[in-house]
Amino acid sequence: MTAKEIEQTLSSFPGEWDSFLSFVKEKEYFLPLIKEITKRYQSEVVFPKAEEVYRAFSLVNPEDVKLVIIGQDPYIQQGQANGLAFSVRDGVRIPPSLLNIYKELNYEYGYPISTSGDLSSWASQGVLLLNACLTVEEGKASSHAKLGWFSFTEDVLTALDSSGRDIVYLLWGNFAKERAKVLTSKHAHLIYTAHPSPLSASRGFFHSDCFKKVNETLKELGLEEIDFKVDDGRLFD
């Protein structure tokens, strides 16, 4: 993509999100953020592809969001990041945090641990898989963290929180908890656990029943529960 095409792609949001987040385009940080990210795509290897930066929004309309899961960065290795937090394309080896997520789902529901890392089936059920930072340089975690994405993420969360609809937020680790400080309405239902990374999963993520808690909360709110099963018919050895 040319620089002009990248800037145009990043300057608007998919579908109904473009009007839902129209106020973001007027924010002081937004245009400089888009211009800087456009430059980075021209000067370094950036993940995900520009056309997938807003993919989390393309798979669920704002009025259909019932669960938000907040990640940190896109994956930093070639072929991993696909625009959805914690998700990878089919055929890509499951990253450690996602494998631990699958292990927790196996504990809670007995689901087989799939070799597919594609979580788009969650998104189709109203799950917004939102990274707090939507781009990253190859091999360099948090390399775009200071460019303005955090302000964008907090604006997204604020807009959802102001919509007047009940939404569950599954917050893994202190980073996600910090992003959620803008959630102040009675319609925000927060579930906290440790992060599923190998460094912290054993300190409050494993056996947390966080997915069951999500569905219990949704049921109490009169909303349809989420089928978290990701099944490609194959199991890890």
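This structure is a prediction, so every number in the text was calculated from the model and none was measured.

With that settled, consider a negative patch on the surface. Residues E216, E220, E224 and E225 make up a contiguous surface patch of negative charge. The exposure class assigned to E224 is exposed, which follows from its relative accessible area of 62%.

In this section: the side chain of N131. The topology assignment puts N131 in strand 3 (residues 127–131). On the accessibility criterion, N131 (9% relative accessible area) is buried. Here the side chain of N131 touches Q72 through a polar contact of 3.4 Å, landing on its backbone nitrogen. Not counting the four nearest positions on each side in its chain, N131 is found in contact with G71, Q72, D73, P74, L84, A85 and T153.

Evaluation of the coordinates by the stated rule reveals 9 salt bridges. Residue E44 pairs with R40 through a salt bridge whose shortest N-O separation is 3.7 Å. An identical accessibility class is assigned to E44 and R40; each is buried. Salt bridges sharing partners connect three or more residues here, namely E36, R40 and E44.

The sheet built from 4 strands is open, its strands ordered 3-2-5-6 with parallel pairing. Of all strands in the sheet, those bounded by a partner on one side alone are strand 3 and strand 6 (188–193). Averaged over all adjacent pairs, the angle separating strand axes in this sheet is 20°, with direction ignored. Sheet analysis places strand 2 (residues 67–71) next to strand 5 (residues 167–172), joined by 3 bridges and oriented parallel. Across the sheet, L67 pairs through a bridge with V168, a residue of strand 5. Across the sheet, helix 9 (residues 210–220) lies against strand 2, strand 5 and strand 6, angled at about 165° from strand 5, the strand it touches most.

Inspection of the secondary structure assignment puts T135 in the loop between strand 3 and strand 4 (136–137). Of the polar contacts made by the side chain of T135, one reaches the side chain of H144; its length is 2.7 Å. Polar side-chain contacts of T135 include one of 2.8 Å to the side chain of W149. With residues up to four places along the chain from it excluded, the contact list for T135 reads I37, Y41, V46, F47, P48, V53, D73, P74, H144 and W149.

Moving on to unusual backbone geometry. The peptide bond linking F47 to P48 adopts the cis configuration, its omega dihedral lying at -10°. Mapped onto the secondary structure, P48 falls in the loop between strand 1 (46–47) and helix 4 (55–58). Residues other than glycine seldom take positive phi values, yet F86 does so here, at roughly 70°. For F86, the location among the structural elements is in the loop between strand 2 and helix 5 (96–109). The class of F86 is buried, set by a relative accessible area of 10%. With a phi close to 65°, H207 is a non-glycine residue in the positive phi region.

About the cut-offs
Residues numbered from 1 in each chain as written. Predicted model: local features only at pLDDT ≥ 70, side-chain atom pairs only at ≥ 80, totals over all residues. Heavy atoms only, no water. Patch = residues over 30% accessible without salt bridge, like charges linked within 9 Å, V, L, I, M, F, W, Y side chains within 5 Å. Areas by Shrake-Rupley, 256 points an atom, 1.4 Å probe, with all protein chains shown as cover. Salt bridge = Lys/Arg side-chain N within 4 Å of Asp/Glu carboxyl O. Lys, Arg positive; Asp, Glu negative; His and termini not counted. Charge placed at Lys NZ, Arg CZ, Asp CG, Glu CD. Buried < 20%, exposed > 50% of the residue type's maximum accessible area, 1.4 Å probe, protein only. Helix = DSSP H or I, 4+ residues; strand = E, 2+ residues; numbered from the N terminus. Polar contact = N/O pair within 3.5 Å; in protein donor to acceptor, adjacent residues only side chain to side chain. Contact = heavy atoms within 4.5 Å. Pairing = 2+ DSSP bridges. Axes fitted to C-alpha atoms, helices over the stretch in contact; angles between N-to-C directions.

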